[in-house]
Amino acid sequence: MAPAEILSGKIVSAEVRERLKQQVVEMKEKFPGFRPGLAILQVGNRDDSNLYINMKLKAAAEIGISANHIKLPNTATEADVLKCIASLNGDPAVHGFIVQLPLDSDKPINTEKITNAVAPEKDVDGLSSINAGKLSRGDLGDCFIPCTPKGCMELIRQTGIQVAGKRAVVVGRSKIVGAPMHDLLLWNHATVTVCHSKTLTLAEEVGKADILVVAAGKAEMVKGEWIKPGAIVIDCGINHVPDSTKASGKRVVGDVAYSTAKERASYITPVPGGVGPMTVAMLMQSTVESAQRFLEKFQPGKWNIQYNQLILKTPVPSDIEISQSCVLKPIDQVAKEVGLLPDEVELYGQTKAKVHLSALKRLKNQPDGKYIVVTGITPTPLGEGKSTTTVGLVQALGAHLHQNVFACVRQPSQGPTFGIKGGAAGGGYCQVIPMEEFNLHLTGDIHAITAANNLVAAAIDTRIFHELTQTDQALYDRLVPSVNGVRKFSGIQIRRLQKLGINKTDPTALTKEEVSLFVRLDIDPGTITWQRVLDTNDRFLRKITIGQSPTEKGFSRTAQFDITVSSEIMAVLALSDGLDDMKKRLGRMVVASSKRGEPVTTDDLGVTGALAVLMKDAVKPNLMQTLEGTPVFVHAGPFANIAHGNSSVLADKIALKLVGEEGFVVTEAGFGADIGMEKFFNIKCLYSGLRPHVVVLVATVRALKMHGGGPAVTAGVPLPKEYMEENLQLLAKGCSNLNKQIQNARMFGVPVVVAVNAFKTDTKAELALVVQLAKEAGAFDAVECTHWAEGGKGAVALAQAVQRASQAPSSFTFLYNVELPVIDKIRLIAQQIYGASDIELLPEAQEKVTLYTKQGFGNLPICMAKTHLSLSHDPEKKGAPTGFILPIRDIRASVGAGFLYPLVGTMSTMPGLPTRPCFYDIDLDPVSGEVNGLF
């Protein structure tokens, strides 16, 4: 018979690669920006492994697969390898993932454990027990097949001979080739026999084979005369035998005696150039197949998220009852759903987690989603429901309109939780859950701020004390001590020397004058602006005397405690865009002035590094979820009067990357649009570089009635009839406030959607009037909402309006140029946003303008600290007052955070407890561990 036809793996693999290349092009056309991803994990540095990996990387590049080679040192432990595998398993950009064997480590590593740790859906080598099990059961469409058997099968198909009904013999039983080859042939309907080194009648069995696959690992073990005439012979062996005619002294042969076998077979694979090239081609094919499965299951840019279905009750139960009745998703599931990798998530139990800033670095080239800010009319004691609307809107966009959406909200202070205000998790069927954890310790960020803030306070008073009681030389000897006979400046001390213009690094080289300059901050106690803080409402700490102990040698002064969230460190956290930026801001914080009138910073105190250490975990946003299962970042909670009242820049930035170009990030600004929204635009957007797409302005009928002149309300007393009955005239008058706040938002060039938060006492005519007047005032749209009672379903119309508004043209602009003089910036806010005719600076404020301008802080943005209960400085003036003079009592600087805050009236920074605080109702069930009575 004629010699066998050669089955060239080189030719077939080239055809496979060309086909795969075309498939990848089609994927990219259908899903722009998408690329199949292959990860190759190597341990050690074996030459043969390096060679194989380079072949795979070259093939991947040729086809258009994004290949990533991860190389661990040969000192890597099993735990190191498993950690790396877990990260790659969770990476949505990796569709195929192989561990290069053998593992070249000097530490003991269980190879079976490692291969089984690879996610089965990414195990393109087909080596995991799950894929092997599926193959043995015949689930060929739901598993990955090891590349060598898969390549063999492709070569057999090239012959055009039907496998079904043929007698097949596999010589070899390895997990990588022999065993899976048996299963593959069996489920392609061949009758299969497996032989091995212990088979007594090997020649006889081989002679029965219509299809012969040899993978024994022994040079020319199968003789040509054993082979059945006309058989298909697939030789998987690669062996080296001596050959004096070769320069290397050896040549490569297979497991079959090729020269005699080709005279009997109908088809045969050569060695080399047969099965070998097919193995790499099949790895590429499996990677492309995995990417195709991924695309079938997950549309790029669309989260595969499980939403919770609400079971609505009438009447609506208490907030905590609703929160505790909900079955939460494990927070690691939420993280995975939104595209976070396992090593980017730090779990704090089952319901909350911190997200590492490495996620932002990984996603830096991703386009941002749509940026929505929720604000409100001027607040009243009746409440407008901004937090509830924020949560309702994201539940509607996510669970009902199936958009990628994130809420980014502030973390509330624990103080008011036990006082009178209540929580900030939303309400009714629109909550961040679990609400008790949201409103209490969460992950300890506020406690970290308390510790950091009070460390600064201790450093200030301690430094004054030591400077008062020691000579220059004694101070210097203690500040720069000799350790084992060596004196050395710390890094932060070098910075202080440079600030003083002393360019020396040898502690013994300073002159007496330089030593004095270095050791004496010379703080003027009367200029200290830094206070101690506590996250508890305690009116008796509003004014205290410190230094009463005899050990303080008569150094005492009047001071105070503020509530923690009013600390500048909270504002720094909220405005930082990374760990390095936060550290710089912490170092720039001005705590007092010297007796020479120069600013004294935390860096001068030498405490910057310690503050960064205390804050290193707090800088990571906290991940939670809403009642309907949409993701939420809870991060930072600065005051909205003496600070800017917005959640963190970092949370917004990470969320905008995660939702993708078509997704939405909804954040909330504190108080009314004249305060929180104005600061969101002029401060937060200034530092973040982000540009908003839509403003959602929340209003209620009864709050607008109060702005129209409705009577005052008292907690615990039934509402006056004006708020319970229809009164269109009162309502229309109060809409002057809504009108002004719409104008304020539009002043920044952003479309406004008004959310009319409906209550059961509102009439249809009242709701219709607010919608009508809002549109007449220039709102893009105005929508009635019932989300408190209905969850996301009650905010679907609002969500649709926001979607439309986000497509509308916008031309965002700041209200003022920060380079303007301080007084001009204050005047612009007062006149344009509040409706004042002018401003009046009291002497103390005028002095501060001069001081801060001289100190170089005049180009900072302005953060107005005024009452939130009126557009004016008088909380009793409702509606939209005009023509008033805005008095500026004082101006203070948050230099680290990056703003000046003029004080309009007196600002309380330490709330007190009422006669009957909320803590009377709060209790813990010792059996279930549940918190009761929390709102």
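It should be noted that the structure appears before, not after, this text.
Caption draft 1: Structural view of the overall build of the chain. Helix and strand content of the chain: 34 helices and 37 strands. With respect to the three principal axes, the spread of C-alpha positions in the chain is 110 × 85 × 55 Å. For the chain, the residues scored as buried account for 55% of the 935 residues in total. Residue pairs at least 24 apart in sequence account for 74% of intrachain contacts in the chain once pairs closer than 6 positions are excluded. Total accessible area on the chain stands at roughly 38,800 Å², and carbon and sulfur atoms take up 53% of it. Charge-centre separation for the chain: the mean point of 98 positive side chains lies 3 Å from the mean point of 94 negative side chains.

Caption draft 2: Spatial organisation of the state of the cysteines. Applying the stated criterion across every chain, the model contains zero disulfides. Its sulfur unpaired, Cys152 is 3.5 Å from the next cysteine sulfur, which belongs to Cys236. Judged by its relative accessible area of 0%, Cys152 is buried.

Caption draft 3: View of the packing of aromatic side chains. Under the counting rule described, the total for this entry stands at 13 aromatic pairs. Taking the centre distance of 6.2 Å and the plane angle of 10° together, the rings of Phe34 and Phe294 count as stacked. Of this pair, Phe34 sits in the loop between helix H1 (9-30) and strand E2 (37-43) while Phe294 sits in helix H10 (residues 275-297), and the two are 260 residues apart along the sequence. Relative accessible area serves as the criterion here: at 8%, Phe34 is assigned to the buried category. Following the ring pairs from residue to residue traces out a cluster consisting of Tyr371, Phe680, Phe681, Phe748, Phe812 and Phe814. Over the aromatic face of Tyr834 sits the side chain of Lys866, whose NZ or CZ is 4.7 Å from the ring centroid.

Caption draft 4: Looking closely at empty space enclosed by the protein. Taken as a whole and judged by the stated rule, the model has two cavities of 30 Å³ or more. The volume enclosed by the largest cavity comes to roughly 40 Å³. Residue lining of the largest cavity: Phe97, Ile98, Val99, Thr115, Val118, Asp123, Asp125 and Leu127, and that is the complete set. Ranked by residue count, the leading element in the lining of the largest cavity is strand E4 (residues 96-99), at three residues. If you add up the space inside the second largest cavity, you get close to 30 Å³.

Caption draft 5: Looking closely at the side chain of Ser567. Position of Ser567 among the secondary structure elements: in the loop between strand E23 (561-563) and helix H21 (568-575). Excluding residues that lie within four positions of it along the chain, Ser567 makes contacts with Ile449, Asn453, Trp530 and Val533.

Caption draft 6: Highlighting the environment of Gln395. Structurally, Gln395 can be placed in helix H14 (residues 386-400). Counting along the chain gives 25 residues from Gln395 to Ile420, while the straight-line C-alpha distance between them is 28 Å. When residues no more than four places from it in sequence are discounted, the contact partners of Gln395 are His400, Tyr429, Cys430, Gln431, Thr626, Leu627, Glu628, Thr630, Gly791 and Gly792. In this structure the side chain of Gln395 is engaged in a polar contact, spanning 3.0 Å, whose partner is the side chain of Glu628.

Caption draft 7: Structural context of the environment of Glu205. Tracing the backbone through its elements, the reader meets Glu205 in helix H8 (residues 202-206). Along the chain, Glu205 and Asp343 lie 138 residues apart, while their C-alpha atoms are 52 Å from each other.

Caption draft 8: View of the packing of H1 against helix H6 (residues 147-158). The interhelical angle for the contact between H1 and H6, taken along N-to-C directions, is 100°, at an axis separation of 11 Å. Of the possible angle classes, the one that applies to H1 and H6 is roughly perpendicular. On H6, the residues that touch Gly9, Val12 and Glu15 of H1 are Glu154, Leu155 and Gln158. In terms of residue class, the contact of H1 with H6 is built from two nonpolar, two polar and two charged.

Caption draft 9: Representation of the sheet that holds E2 within the structure. One open sheet holds the three strands; their spatial order is E3-E2-E4, and the pairing between them is parallel. Taken across any chain shown, the strands that pair with only one partner, and hence form the sheet edges, are strand E3 (66-72) and E4. Along the sheet, successive strands turn relative to each other by an average axial angle of 15°, direction set aside. Strand direction decides the pairing type here: E2 and E4, joined by four bridges, are parallel. Its bridge partner being in E4, Leu38 is matched across the sheet by Gly96. Across the face of the sheet, helix H2 (residues 47-63) comes into contact with E2, E3 and E4 while running at roughly 170° to E2. Lying on the sheet, H10 is in contact with E2 and E4; it crosses E2 at an angle near 130°.

Caption draft 10: Main features of H2. In a regular helix each residue adds 1.5 Å, so 17 residues correspond to 24 Å; H2 covers 25 Å between its end C-alpha atoms and thus fits that length. All buried positions along H2 are accounted for by Ser49, Asn50, Ile53, Lys56, Ala59, Ala60 and Ile63. In this structure, the buried side of H2 is in contact with H1, E2, E3, E4 and H10. Looking at the residues trailing H2, positive phi occurs at Gly64, about 105°.

Caption draft 11: View of the nonpolar core. Phe406, Met615, Phe633, Phe681, Leu738, Val754 and Leu886 are the most contacted members of the largest nonpolar core, which has 136 residues in total. For this core, the element with the most residues is helix H17 (residues 445-469), which contributes nine residues. Sequence-distant contacts of Met615, defined by excluding residues within four places in its chain, comprise Ala448, Ile449, Ala452, Ile569, Leu573, Met582 and Leu586. If you look at the next biggest cluster of nonpolar residues, it comprises 52 residues, including Phe34, Ala190, Leu283 and Leu295.

Caption draft 12: Examining the pattern of salt bridges more closely. In the structure shown here, the tally under the stated rule is 45 salt bridges. The partner of Asp210 in a salt bridge is Lys228, with the nearest N and O atoms 2.6 Å apart. You can see Asp210 sitting in the loop between H8 and strand E7 (211-214) and its partner Lys228 sitting in the loop between E7 and strand E8 (232-235), a full 18 residues away along the chain. Residue classification places Lys228 among the partly exposed positions, given a relative accessible area of 30%. Between Asp461 and Arg532 there is a salt bridge, with its nearest N and O atoms 3.0 Å apart. Of this pair, Asp461 sits in helix H17 while Arg532 is found in strand E20 (residues 532-534), placing the two residues 71 residues apart along the sequence.

Calculation notes
- Residues numbered from 1 in each chain as written.
- Predicted model: local features only at pLDDT ≥ 70, side-chain atom pairs only at ≥ 80, totals over all residues.
- Heavy atoms only, no water.
- Helix = DSSP H or I, 4+ residues; strand = E, 2+ residues; numbered from the N terminus.
- Buried < 20%, exposed > 50% of the residue type's maximum accessible area, 1.4 Å probe, protein only.
- Contact = heavy atoms within 4.5 Å.
- Areas by Shrake-Rupley, 256 points an atom, 1.4 Å probe, with all protein chains shown as cover.
- Lys, Arg positive; Asp, Glu negative; His and termini not counted.
- Charge placed at Lys NZ, Arg CZ, Asp CG, Glu CD.
- Disulfide = S-S within 2.5 Å.
- Phe/Tyr/Trp six-rings, centres within 6.5 Å; stacked < 30°, edge-to-face > 60°.
- Lys NZ or Arg CZ within 6 Å of the ring centre and 35° of its normal.
- 1 Å grid on protein atoms, 1.4 Å probe; cavity = no way out; pocket = protein on both sides within 12 Å on 5 of 7 lines; lining within 4 Å.
- Points joined across faces, edges and corners; volume = space filled by probe spheres on them.
- Polar contact = N/O pair within 3.5 Å; in protein donor to acceptor, adjacent residues only side chain to side chain.
- Axes fitted to C-alpha atoms, helices over the stretch in contact; angles between N-to-C directions.
- Parallel < 35°, antiparallel > 145°, perpendicular 65-115°, else oblique.
- Nonpolar A, V, L, I, M, F, W, Y, C, P; charged D, E, K, R; others polar.
- Pairing = 2+ DSSP bridges.
- Expected span 1.5 Å × (residues − 1).
- Core = buried A, V, L, I, M, F, W, Y, C linked by side-chain atoms within 4.5 Å.
- Salt bridge = Lys/Arg side-chain N within 4 Å of Asp/Glu carboxyl O.

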